[in-house]
Number of protein chains: 2
Amino acid sequence: MAKRHELMKGSVDSLLLHLIAQQPMYGYQIIKELERRSQGYFKFREGTLYPALHRLEKAGLLLSRWQTLPSGQQRRYYYITDKGNRVLVEKRNQWQEFLVAVNLIVQPADA
Amino acid sequence: MAKRHELMKGSVDSLLLHLIAQQPMYGYQIIKELERRSQGYFKFREGTLYPALHRLEKAGLLLSRWQTLPSGQQRRYYYITDKGNRVLVEKRNQWQEFLVAVNLIVQPADA
DNA sequence: TATAATGCATAGCTATTCTATGTATTTTAA
DNA sequence: TTAAAATACATAGAATAGCTATGCATTATA
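Notes on the structure in this doc start here.

About the thresholds
Residues numbered from 1 in each chain as written. Chains lettered and ligands numbered in written order. Predicted model: local features only at pLDDT ≥ 70, side-chain atom pairs only at ≥ 80, totals over all residues. Heavy atoms only, no water. Helix = DSSP H or I, 4+ residues; strand = E, 2+ residues; numbered from the N terminus. Expected span 1.5 Å × (residues − 1). Buried < 20%, exposed > 50% of the residue type's maximum accessible area, 1.4 Å probe, protein only. Arc of directions from axis to C-beta. Contact = heavy atoms within 4.5 Å. Axes fitted to C-alpha atoms, helices over the stretch in contact; angles between N-to-C directions. Parallel < 35°, antiparallel > 145°, perpendicular 65-115°, else oblique. Pairing = 2+ DSSP bridges. Salt bridge = Lys/Arg side-chain N within 4 Å of Asp/Glu carboxyl O. Phe/Tyr/Trp six-rings, centres within 6.5 Å; stacked < 30°, edge-to-face > 60°. Lys NZ or Arg CZ within 6 Å of the ring centre and 35° of its normal.

**Describing helix α3 (residues 46-58) of chain A**
All names here are of chain A.
Okay, so step 1: The first and last C-alpha atoms of α3 sit 18 Å apart over 13 residues, in line with the 18 Å expected at 1.5 Å per residue.
Okay, so step 2: L49, A52, L53 and L56 are the residues of α3 that are buried. Seen end-on, α3 carries its buried residues on one side only, within an arc spanning 100°. Seen from the open side of α3, the exposed residues pointing more than 90 degrees away from its buried face are G47 and K58.
Okay, so step 3: Each element contacted by the buried residues of α3 is listed here: α1 (12-22), α2 (27-37), β2 (62-68) and β3 (74-80).
Okay, so step 4: Backbone geometry just after α3 places G60 at a positive phi near 80°.

Structure (structure tokens):
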């Protein structure tokens, strides 16, 4: 399943693309934003987030730039790429198809 | 994520419980039924299905009984248990919560 | 001044799903 | 009638994802 409908193995990549497409963000901010917006539902771990971000950057869907605050603090901001936006549209469609399929199983029109 | 919201790691177990709760089935039939009802979307592989069924049986959510057809053909039918039904209700609620959370990210009320 | 929060990162574990097989029987089509 | 396709169950091995646990460093708070 995973190869053909990546949604099943997790929605992490999609969620990250959605979020970063709305606004460039850095890792820690992503964790907090996902938690805030989902009203506490999503609590990403670093061990989930950072490898995912690196994976998405390596795939050319995101790109990152280090930014230095006046305080000297370093932050790594992630931006979505054109390719990332195209994939995002695809993933959104796939998600809808997946929901339809699940509903056909869970609430069958015919048994 | 996987430990707290199993849905993310895949919906295989939920789909199987839903299906078998509606009607006891054997493995091959499950593969065909999932494909038919989802209009071709779900195409479970044996390597996905059978380990999953064994897993669910071991967890006490399903139980199986061999049945012999007049032709002599053997089929292993799976039935949902009481525990399986309870877990099914839980999973359905979790799935709804997950959908709500995803929508809050994908279509944010506030950005 | 200790603790919590911010900020990035990786190593190792476990679980899940896939691919690729294997075996055997029954039905269908050439 | 016989080859091929469908039916039916099963597992080994590989890939991958997400988790736990940990490390380091800085800044804000109690």
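**A short note on the packing of α1 of chain A against α2 of chain A**
Residue and element names in this part refer to chain A.
Okay, so step 1: Where α1 contacts α2, the two axes come as close as 11 Å, and the packing angle between them is 100°. Classified by the interaxial angle, the pair formed by α1 and α2 is roughly perpendicular. The segment α1 lies against α2, with L16, L19, I20 and Q22 engaging I30, E33, L34 and R37.

**Details of the pairing of β2 of chain A**
Okay, so step 1: Relative to β3 of chain A, β2 of chain A runs antiparallel, the two sharing seven bridges. Directly across from L62 of chain A, in β3 of chain A, lies its bridge partner I80 of chain A.

**Overview of the pattern of salt bridges**
Residues and elements named next belong to chain A.
Okay, so step 1: Inspection of the entire model under this criterion finds ten salt bridges over all chains.
Okay, so step 2: In this structure, the salt-bridge partner of D13 is R55, at a minimum N-O distance of 2.9 Å. Within this pair, whereas D13 is found in helix α1, its partner R55 is found in helix α3, the two being separated by 42 residues in sequence.
Okay, so step 3: A relative accessible area of 18% places D13 in the buried class.
Okay, so step 4: Residue classification places R55 among the partly exposed residues on the basis of a relative accessible area of 45%.

**Some remarks on the sheet that holds strand β2 (residues 62-68) of chain B**
Strand-to-strand pairing in sheets goes through backbone hydrogen bonds, with the strands running parallel or antiparallel.
All names here are of chain B.
Okay, so step 1: Here three strands make up an open sheet; going across it, the order is β1-β3-β2 and the pairing antiparallel. Two strands in the sheet have a free side with no partner beyond their single neighbour: β1 (25-26) and β2.
Okay, so step 2: Relative to strand β3 (residues 74-80), β1 runs antiparallel, the two sharing two bridges. Looking across to β3, one finds that M25 is bridged to Y78.
Okay, so step 3: Of the strands in this sheet, β1, β2 and β3 are in contact with helix α1 (residues 12-22), which crosses β3 at around 100°.

**What about the sheet that holds β2 of chain A?**
Okay, so step 1: Here three strands make up an open sheet; going across it, the order is β1-β3-β2 (chain A) and the pairing antiparallel. One side of each edge strand has no neighbouring strand; the edge strands of this open sheet are β1 (25-26) and β2 of chain A.

**Overview of the packing of aromatic side chains**
Okay, so step 1: A full pass over the atoms with the stated rule returns 15 aromatic pairs over all chains.
Okay, so step 2: Measuring from centroid to centroid gives 5.2 Å for Y26 of chain A and Y77 of chain A, while their planes differ by 65°, and the two rings are edge-to-face. Residue Y26 of chain A is located in strand β1, and its partner Y77 of chain A is located in strand β3; the two are separated by 51 residues in the primary sequence.
Okay, so step 3: Classification of Y26 of chain A as buried rests on a relative accessible area of 16%.
Okay, so step 4: Each residue in the set Y41, F42, F44, W95 and F98 of chain A together with Y41, F42, F44, W95 and F98 of chain B is aromatic and connected to the rest through ring pairs, giving one cluster.
Okay, so step 5: If you follow R65 of chain A out to its NZ or CZ, it ends over the ring of Y79 of chain A, 5.0 Å from the centre.

Read these as spatial facts, not as claims about activity.
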